[in-house]
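In case you want the letters, here they are:
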Amino acid sequence: MSKPLVLYTAATPNGHKVSIMLEELKAAYGNIDYDVEKINLTTNVQKEPWFIAMNPNGRIPVLVDRSHPTAAQPNGFPVFESAAILLYLVQKYDKEGKFKFESGSDEESQMLQWIFFAHGGVGPMQGQSHHFRHYAPEDVPYGKKRYGDEVVRLYGVLDIGLQGRDYLVGPGAGKLSVADVNVMPWLRYHDRAGVETLDAFPNLKAWLNRLLEREAVKAGIAVP
């Protein structure tokens, strides 16, 4: 029997954001479950018409909410862009606000600020660093340095944001929220971006290790 949600994904930082959030919600509430459709990115299946109908951008991840069919999407409501998927999940399924904050609150604004920071900065810049270091057809030293330096700068911003805190947002030391889940999977691959160790960013290093110890995070990383 089909589960209420289906995640089209691959083993990438953006894919893991969503599977981690789903596993955290499952652990917190127990009544959330999802199917997984693994997308082989090397075959460009994500560019085929059936996939483009869910995400015109032709990228993973895509979440389809089968419990919410529409006239245009009778098989379920599709959501694309990893940060948008995280927000959709907590808005609809995090009824007790365990991973979000009160609507209109300062904490909600701060959460959104960190989400946009990561979505517009860490992901794109680290992705380019990965490309020039591992996938570019020719060696481009300028590209490696340009994006590698920017990754280091962005890590420094996160380290400042985590000063004296366990998580990015929330009273006191904070609480785990979408702000953390939205950026943490990229940090797992810091070495591929040319940052061999996080020793220069002690707050960031402690935060990453803290998240990686969570059982739901481990389960989410194992998907697909």
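Residues numbered from 1 in each chain as written. Predicted model: local features only at pLDDT ≥ 70, side-chain atom pairs only at ≥ 80, totals over all residues. Heavy atoms only, no water.

*Asks:* Break down the overall build of the protein chain for me, citing the residues and quoting the values.
*Replies:* A tally of helices and strands in the protein chain yields 9 helices and 4 strands. Beginning at the N terminus, the succession of helices and strands in the protein chain can be written as β-α-β-α-β-β-α-α-α-α-α-α-α. Against the compact-globule benchmark of 17 Å for 224 residues, the protein chain has a radius of gyration of 18 Å, which places it among compact chains. Its C-alpha atoms put the protein chain at 50 × 45 × 30 Å along the principal axes. The burial tally for the protein chain puts 46% of its 224 residues in the buried class. Across the protein chain, contacts joining residues at least 24 apart in sequence account for 69% of those joining residues at least 6 apart. With an accessible surface of roughly 10900 Å², the protein chain has 52% of that area assigned to carbon and sulfur atoms. Distance from the positive charge centre (24 side chains) to the negative charge centre (26 side chains) of the protein chain: 2 Å. (Helix = DSSP H or I, 4+ residues; strand = E, 2+ residues; numbered from the N terminus. Rg over C-alpha atoms; globule rule 2.2 N^0.38 Å. Buried < 20%, exposed > 50% of the residue type's maximum accessible area, 1.4 Å probe, protein only. Contact = heavy atoms within 4.5 Å. Areas by Shrake-Rupley, 256 points an atom, 1.4 Å probe, with all protein chains shown as cover. Lys, Arg positive; Asp, Glu negative; His and termini not counted. Charge placed at Lys NZ, Arg CZ, Asp CG, Glu CD.)

*Asks:* Can you break down the nonpolar core residue by residue, with the values?
*Replies:* Core analysis: the biggest nonpolar cluster contains 54 residues, and Met 21, Leu 89, Leu 158, Leu 204 and Trp 207 have the highest contact counts within it. Secondary structure elements with two or more residues in this core: β1 (5-9), α1 (13-29), α3 (82-93), α4 (106-135), α5 (141-161), α6 (178-181), α7 (184-187) and α8 (202-212). Considering each element in turn, this core owes the most residues, 8 residues, to α3. What Met 21 contacts, discounting residues up to four positions off in sequence, is Leu 86, Leu 89, Val 90, Phe 99, Val 178 and Val 181. Of all hydrophobic cores here, the second largest spans 10 residues; its members include Val 6, Tyr 8, Ile 39 and Met 54. (Core = buried A, V, L, I, M, F, W, Y, C linked by side-chain atoms within 4.5 Å.)

*Asks:* Run through the sheet that holds strand β2 (residues 34-38), naming residues and quoting values.
*Replies:* Here we have 4 strands laid out as an open sheet, ordered β2-β1-β3-β4, and mixed in their pairing. On the outer flanks of this sheet lie β2 and β4 (77-80), each paired with one strand and no other. For this sheet, the mean angle separating the axes of adjacent strands, direction not counted, is 20°. Pairing between β1 and β2: 5 bridges, direction parallel. Following the sheet pairing, Leu 7 is matched in β2 by Val 36. Against the sheet, α1 makes contact with β1, β2 and β3 (62-65), and its axis sits at roughly 155° relative to β1, the strand it touches most. (Pairing = 2+ DSSP bridges. Axes fitted to C-alpha atoms, helices over the stretch in contact; angles between N-to-C directions.)

*Asks:* With reference to specific residues and values, describe α3.
*Replies:* For α3, which comprises 12 residues, the first-to-last C-alpha distance of 16 Å matches the rise-based estimate of 16 Å (1.5 Å per residue) to within 8%. A large share of α3 lies buried, amounting to 9 of its 12 residues. Along α3, the residues classified as buried are Ser 82, Ala 83, Ile 85, Leu 86, Leu 87, Tyr 88, Leu 89, Val 90 and Tyr 93. Looking at the buried positions of α3, the neighbouring elements they touch are β1, α1, β3, β4, α4 and α6. (Expected span 1.5 Å × (residues − 1).)

*Asks:* Tell me what's going on with the pairing of β3, and back it up with residues and numbers.
*Replies:* Across the two faces of β3 the burial is the same, with Val 62 and Val 64 and Leu 63 and Asp 65 all buried. Alignment of β1 against β3, held across 4 bridges, turns out to be antiparallel. Pairing of Leu 5 across the sheet is with Asp 65, part of β3. Of the strand pairs in this sheet, β3 and β4 are connected by 4 bridges, and their pairing is antiparallel. Opposite Asp 65, over in β4, you have Phe 77 as the bridge partner.

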